[in-house]
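# Breakdown of the fold
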Amino acid sequence: MMFRATARHPALILDDVRGAQKMLSGVARVTALEGSRHLSELVGAPVHLKCENLQRTGSFKLRGAYVRISGLSPVERAAGVVAASAGNHAQGVALASSLLGVRSAVFMPVGAPLPKVAATQEYGAEVRLHGQVVDETLAAAQEYAERTGAVFIHPFDHPDIIAGQGTVGLEILEQCPEVRTIVVGLGGGGLAAGIAVAVKALRPDIRIVGVQAEGAAAYPPSLAAGHPVSLDNPVTMADGIKVGRPGDVPFAVIEELVDEVRTVTENELSSALLLCLERAKLVVEPAGASPVAALLSAPEAFRGPVVAVLSGGNVDPLLMQRVLRHGMSAAGRYLSLRLRLTDRPGALATLLAALTVADANVLDIGHVRTDPRLGLTEVEVDLHLETKGPRHCEEVEAALRAEGYRVIG
C-alpha cells in the first residue's frame, strides 16, 4: 500500500543536522554501508544496507539521545533525565547520559525483554518497570519528571532528537553519493524526518520512502487528515516502529519532505528478517528489517541505487526464534499437515517412508488415537516438516495424496 505526502514547512534545517554530526564525532560510529547482491538482483539496481544495527547500543537511537542531552543547561543536567521505552531508546538514553555524566532513570514495561532491561542497566540507567503497555510506562515517566524535575527525553518528538538521527542521512550521502532512493522504517518519525531534512537540503532529487507495519500504520491516516491521528490498538511484531501516533515535530517534516509511505505485512517483515540473517549475515530486529520488507514486496517500485536503513538489531532471542519460524513458514520452508490414516502396525513407518521419498524433513510429529472425531480404526497424525520452498510444499502434498493419504488440514 502507498500514501503520498502533502506539503508543510519543515521544522529543522540542514545546519541543525551538521551541528549534530560534529557533536557526535567520536561518540556514534559511522556505520558500514554493505551491498546486497540478492536485493540488487531483485530490484534490478544496486541496493546497499546502512547498518545502524551495528551502531553502539544496537540502534540509531544513541545519536538523537546524545544530541538532546548535550543541549541541556547545567541546571537541567543536575536534575537528571528520564525516558520511557521498551528497548532501543532506553539504551540510547542510558549510554548518552553516562557519557555526559548525567543521572538517568528509564521506565520500561513490566514485560520488557530481560536482555534489553539488563543492557539498559549496564549502560548506567536506573531502570523502573511500570505498566503493561508503553502508554502506561510513558505516563509514569512523565509523572516522575513532574515530581522530580528530571528532564523528559522524548524518543522522537523533539528537534534535537531529529537532528541527531539526521546524521544517518549525511553519512549515506558521503558513502553512496549516487543514491537515488532511501528507504527507512517509520514509527514516530524521528529517523525518517532527520534523514529527510539532511538529504533533501543537499539532494532534493533523492526519493525518500518511509515504511510502516500494516498493523501500526498511523502515518497514512495522519497524512490524509493533515495532522497526527492516533491508532486505537497498533499491533505488530516490529516493536521499534509500533507507535500509535506520529510526533508533532517529525510529522511536519515528513509531510513536507518524505515522498512516500508504504506499509508491509507481518509475513513480509519476518521474511525480510530471515533474508538479512541468511543472505547478509546481519542480525536485524523486525523494525530494522522493514525497509527490506518493502523492497521484497514491490521491488519494481524502487529506483536505484537504493539505500535501505537497517535501524536496529536489538531483538530478543525468544522473539527471534518465533520470527524466524514465521519467516521460514512465509517463505515456504515449513509445512504443517494433518492426515488421517488406518490404525494398523507399520502405518506410521510407511508414512515416514513416503516423506523420505518426497525429500521432506520431519521436525515434529503428533500421533492421536483417542479423539471422538476419529473412527474406530482411524488415527490422526500432525506433521511439521522442513521443506525447500513453496513449490516443494506443493510437491510433498501431491506425493502424499498420490500414495492415498487424506490431507485434512
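Parameters at a glance
- Residues numbered from 1 in each chain as written.
- Predicted model: local features only at pLDDT ≥ 70, side-chain atom pairs only at ≥ 80, totals over all residues.
- Heavy atoms only, no water.
- Buried < 20%, exposed > 50% of the residue type's maximum accessible area, 1.4 Å probe, protein only.
- Helix = DSSP H or I, 4+ residues; strand = E, 2+ residues; numbered from the N terminus.
- Contact = heavy atoms within 4.5 Å.
- pLDDT = per-residue confidence, 0-100.
- Phe/Tyr/Trp six-rings, centres within 6.5 Å; stacked < 30°, edge-to-face > 60°.
- Core = buried A, V, L, I, M, F, W, Y, C linked by side-chain atoms within 4.5 Å.

Further remarks concern helix 12 (residues 248-257). The buried fraction of helix 12 amounts to 8 of the 10 residues, a majority that puts the element mostly inside the structure. Elements that come into contact with the buried residues of helix 12 comprise helix 8 (159-165), helix 10 (190-202) and helix 11 (219-225).

Per-chain confidence: the chain averages 89 in pLDDT, with 94% of residues scoring 70 or above. This model gives residues 1-9 a pLDDT under 50, and the stretch forms 31 contacts once residues within four places in sequence are excluded.

Turning to the packing of aromatic side chains, a few remarks are in order. What characterises a pair of aromatic rings is the spacing of the ring centres plus the angle enclosed by the ring planes. A complete count under the given rule lists 2 aromatic pairs for this structure. Geometrically, the ring pair formed by Y219 and F251 is stacked, given 6.0 Å between the ring centres and 25° between the ring planes. Residue Y219 is located in helix 11, and its partner F251 is located in helix 12; the two are separated by 32 residues in the primary sequence. Taken as a pair, Y219 and F251 share a single burial class, namely buried.

With 56 residues, the main nonpolar core has I69, V81, V179, I182, I195 and V309 as its most contacted residues. Among residues more than four places away in sequence, those in contact with I69 are R77, V81, V93, A96, S97, L100, V102 and I153. By size, the runner-up hydrophobic cluster in this structure holds 39 residues, among which are A45, V47, C51 and M328.

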